[in-house]
Amino acid sequence: MAAAAEPGTRAWVDGSAPRPGSPACSPVLGAGGRARPGPERAGARAPGPAAPGHSFRKVTLTKPTFCHLCSDFVWGLAGFLCDACNFMSHEKCLKHVKTPCTSMAPSLVRVPVAHCFGPRGLYKRRFCTVCRKGLEAPALRCEVCELHVHPDCVPFACSDCRQCHQDGHQDHDVYLHHWREGNLPSGARCEVCRKSCGSTDVLAGVRCEWCGVQAHSACSSALAPECTFGRLRSMILPPACVRLLSRNFSKMHCFRIAETVAPETGDWDDGADRSVATGPGREVLAAPESSKQTLKIFDGDDAMRRNQFRLVTVPRLARSEEVLEAALRAYCVSEDPWEFELQALSPPCLDGDAQVPGKAGRGGAAEEEEGCRGSGHREPAPEAWVIRARPRTQEVLKIYPSWLKVGVAYVSIRVSPQSTAQAVVLEVLPLLGRQVEGPESFQLVEVLMGSRQVQRTVLADKEPLLNRLRDIRQTSVRQMSQTRFYVTASRTLSPHVSLFVGGLPPGLSPQEYGSLLQEAMATKAAVVSISHVYSSQGAVVLDVACFAEAERLYMLGRDTAVHGRPLMVLVLPEVLHEKLPPDCCPLLVFVNPKSGGLQGRDLLCSFRKLLNPHQVFELTNGGPLPGFHLFSQVPCFRVLVCGGDGTVGWVLGALEETRYHLACPEPSVAILPLGTGNDLGRVLRWGAGYSGEDPFSVLVSVDEADAVLMDRWTILLDAQEAGGGENGMDVEPPKIVQMSNYCGIGIDAELSLDFHQAREEEPGKFTSRFHNKGVYVRVGLQKISHSRSLHKEIRLQVEQQEVELPSIEGLIFINIPSWGSGADLWGSDSDSRFEKPRMDDGLLEVVGVTGVMHMGQVQGGLRSGIRIAQGSYFRVTLLKATPVQVDGEPWVQAPGHMIISAAGPKVHMLRKAKQKPRKAGATRDNRADALTSLEGP
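Definitions and limits used
Residues numbered from 1 in each chain as written. Predicted model: local features only at pLDDT ≥ 70, side-chain atom pairs only at ≥ 80, totals over all residues. Heavy atoms only, no water. Core = buried A, V, L, I, M, F, W, Y, C linked by side-chain atoms within 4.5 Å. Buried < 20%, exposed > 50% of the residue type's maximum accessible area, 1.4 Å probe, protein only. Helix = DSSP H or I, 4+ residues; strand = E, 2+ residues; numbered from the N terminus. Contact = heavy atoms within 4.5 Å. Salt bridge = Lys/Arg side-chain N within 4 Å of Asp/Glu carboxyl O. Phe/Tyr/Trp six-rings, centres within 6.5 Å; stacked < 30°, edge-to-face > 60°. Lys NZ or Arg CZ within 6 Å of the ring centre and 35° of its normal.

The subject of this paragraph is the nonpolar core. When a protein is soluble and globular, its nonpolar side chains tend to lie buried together. Among the nonpolar cores identified, the biggest contains 128 residues, and Val149, Phe607, Phe628, Leu640 and Met909 are the most heavily contacted of them. No other element matches helix 3 (residues 320–330), which puts six residues into this core. The contact partners of leucine 640, leaving out residues within four places of it in the chain, are Leu587, Leu588, Val589, Phe590, Phe607, Ala670, Ile671, Leu672, Leu699 and Val702. Formed by 27 residues, the second largest nonpolar core is a distinct cluster that contains Cys743, Phe813, Ala869 and Leu878.

The next subject is the pattern of salt bridges. Tallying each qualifying case throughout the model produces 35 salt bridges. Note that arginine 231 and aspartate 703 form a salt bridge whose closest N and O atoms lie 2.7 Å from each other. With arginine 231 in the loop between strand 10 (214–215) and strand 11 (242–243) and aspartate 703 in helix 13 (residues 695–704), this residue pair connects regions lying 472 residues apart in the sequence. Its relative accessible area of 22% is what places aspartate 703 among the partly exposed residues. The partner of arginine 243 in a salt bridge is glutamate 574, and the shortest N-O contact between them spans 3.0 Å. Residue arginine 243 is found in strand 11, and its partner glutamate 574 is found in strand 27 (residues 574–575); the two are separated by 331 residues along the sequence. On the basis of relative accessible area, glutamate 574 is assigned to the partly exposed category, the value being 31%. Here the residues in one salt-bridge network are Glu335, Glu339, Arg392, Glu395 and Arg473, joined through shared partners.

This paragraph deals with unusual backbone geometry. Residues other than glycine seldom take positive phi values, yet phenylalanine 229 does so here, at roughly 75 degrees. If you trace the backbone, phenylalanine 229 turns up in the loop between strand 10 and strand 11. Residue classification places phenylalanine 229 among the buried residues on the basis of a relative accessible area of 15%. The phi torsion at cysteine 332 lies on the positive side, around 55 degrees, for a residue other than glycine.

Let's shift gears to the packing of aromatic side chains. On inspection of all chains with the given rule, the structure shows 13 aromatic pairs. Ring geometry for phenylalanine 631 and phenylalanine 637: centres 5.3 Å apart, planes at 70 degrees, overall edge-to-face. We note that phenylalanine 631, like phenylalanine 637, is buried. Residues tryptophan 826 and phenylalanine 834 carry aromatic rings whose centres are separated by 5.3 Å and whose planes lie at 75 degrees to one another, so their mutual orientation is edge-to-face. The exposure classification of tryptophan 826 matches that of phenylalanine 834, with both residues buried. Through a chain of ring-to-ring contacts, three or more aromatic side chains come together here, namely Tyr175, Trp210 and Phe229. Geometry around phenylalanine 309 places lysine 296 over its ring, the cationic atom sitting 4.7 Å from the centre.

Below, the structure is given as structure tokens:
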């Protein structure tokens, strides 16, 4: 039997697939006589063999457009257009077209991987990769790869997202380039010919989604097929080193991506009309000319049940085979039209439900026509038709091996009415060189390659395959092109799913956590065990040895609360640390989307595209602990924190609590400042705040950064000795907080507290750093006449010695030479009483401010603070409730004691290397050019 050459991950291959002819089928539509060719059919077919799956025809262009291969203008009679995917080409470019047609692309996917579509957004100068048209209206993009699609084109998108982990069904030794077409920046250069390959006018050029290399689609075949992961290879968590066994968990769950609340039209699940004109574009359907007619086309029982159709405009005198071809093109079906026919649906105005002739009782209702809904004269609604597959006595079926080292991508066999799944396996094994092994060791698996989820079904040995294929086409003729059959080994995968469960009461034993979970979620002890306990943070990791139980616990946990706190349940993969390359030091990324100007949304998407999405964590979805647990066995890794100073302190605190569980107890930490102050980011040269820099350049800077040490401090807050009920406040239990930058008591903390409360009340208004600073100024002006004589309300001991405080309104302990958005509170003047401050000297500096006016002068560089003390151990006694803030996180502290002392080992931070002056005319890094488009609209 014929065997095909092995395609790449998203193959761009030579070859031809001319569109089959259109022999006459039984007339079901239109009047007799000679058909009058309309604009859709006008023009000669392209000379010579068409590129993979394309059906080119020569067109006359009334306005200039662009060639999808060379990006140059196409004028007059020089253009050839694909009927199915709208690919436009010069005649001279036809022989170089290697981009597969939308109708054929699913068959070229090497490993089917579903996409993760986020919420709709406006993406300027982007093009849909299905219909190749611009994205003027809100569209969808995959959160993991560079796929952009119209909502109506989602069902026609290939399941060709990046394969970011091993799932037990496939195991690869070599990773090939993962090509994605188009949406390159205009300045992109081809890696082969060094000419421009990007365009903002048309979908052209290809880019590898792992290494970022760019090329013309015709030039890409000249590159080595293996991917080296590019400039970021030492920072990427290799997909071959990540294993995640999942059955019904979608990629949204596996990558911890928040699911969209409102259903997207691409789901085709909300009952609304899904109609476009000829082809899978997003076109506004204009009123048809008098010589044309518009038809509703359903592609099977499922489309009729959901009342989802596509509109096709054809000449009124079109022959039935021409209408059928137009209908098949609308659904991206490239099979021989002779194998299908159109069946008319009864007028829905008669009974409200349209039934397929001869199929009454199947529940397939077409939409009620608009003309039947109200009074008054209206235009007649389009006629409704359904595509049906003709009965077949035999079929040629492609069978794919589930292992790599066979030498072929698939083998083709003939399936007759007597062919069962077991018979097919028996026939295929000799063709794959496995004839010495018995068929009982293998099974036939049906894989539905949906764009949102890839579903696998093991077929019973006695399952008649021809009946199976007939049922698929009855449901949807398009679904057949998205269905693939694999021969796999019958070995049963040992289910092993890791679930992180947070939000539990802290301080319990493993046995108590087990009893608590059994009571809250009825966990089954036979298949569920607790592998790790993080008692101080109220979290455990469950090992589940049953897919069904893991799915039940995941769904149930999202709606379960324990002691009034909702649980947080995440699916975590397993990092195979022993398979990591010797030079690999993967980057663990934490992003707080709520910090500063709410820029984290685009950064999350960008980092998921540049790195392995398994190494990118959203802090509002479980905090930093799941990330540290995932990397607990990685021998060497670095951390990038995207957020404000409070977010950095949060991550450093979690690192301090988990470092004894880590194989790399002292990872270096870099900062991408997203907050308002960003004082630590300023000290480490990461800037005053993120202002839209290229995310790829940020990662390169992290890779080139220098490691420095920084002190961390522990603050013990004990209110038990202060007479409890003063000012009506309850006595607080002792607690410990960690400090990296500074701790403020008094007016400084009071301003932070007012700002924090204003942001909690109206978070939507705090979306820009400039506005946030304006709120600080307004709050400060309101306090300018305030006087609380802080020096009379607190007592300070430094190294066990009492220190007399001057008349101040605020007392600040600083660890770094930046405070209040970059101000130098300590000052640069030399002082024989104190040592020169450093962030790793084991000493804190104590400074006082006399009020809001003094703080403003310090921030303006006109004054410095009042130097009070320097030391490594401090005891502060609060005589009344006082505002306190640590690293920008404020609260009101009850009367009592605050003890500040050094905390454990110093932390390793990454300081951005000084920028070297760039030579004139220097060429920018190829990957940086490629990924300017990742910054979003």
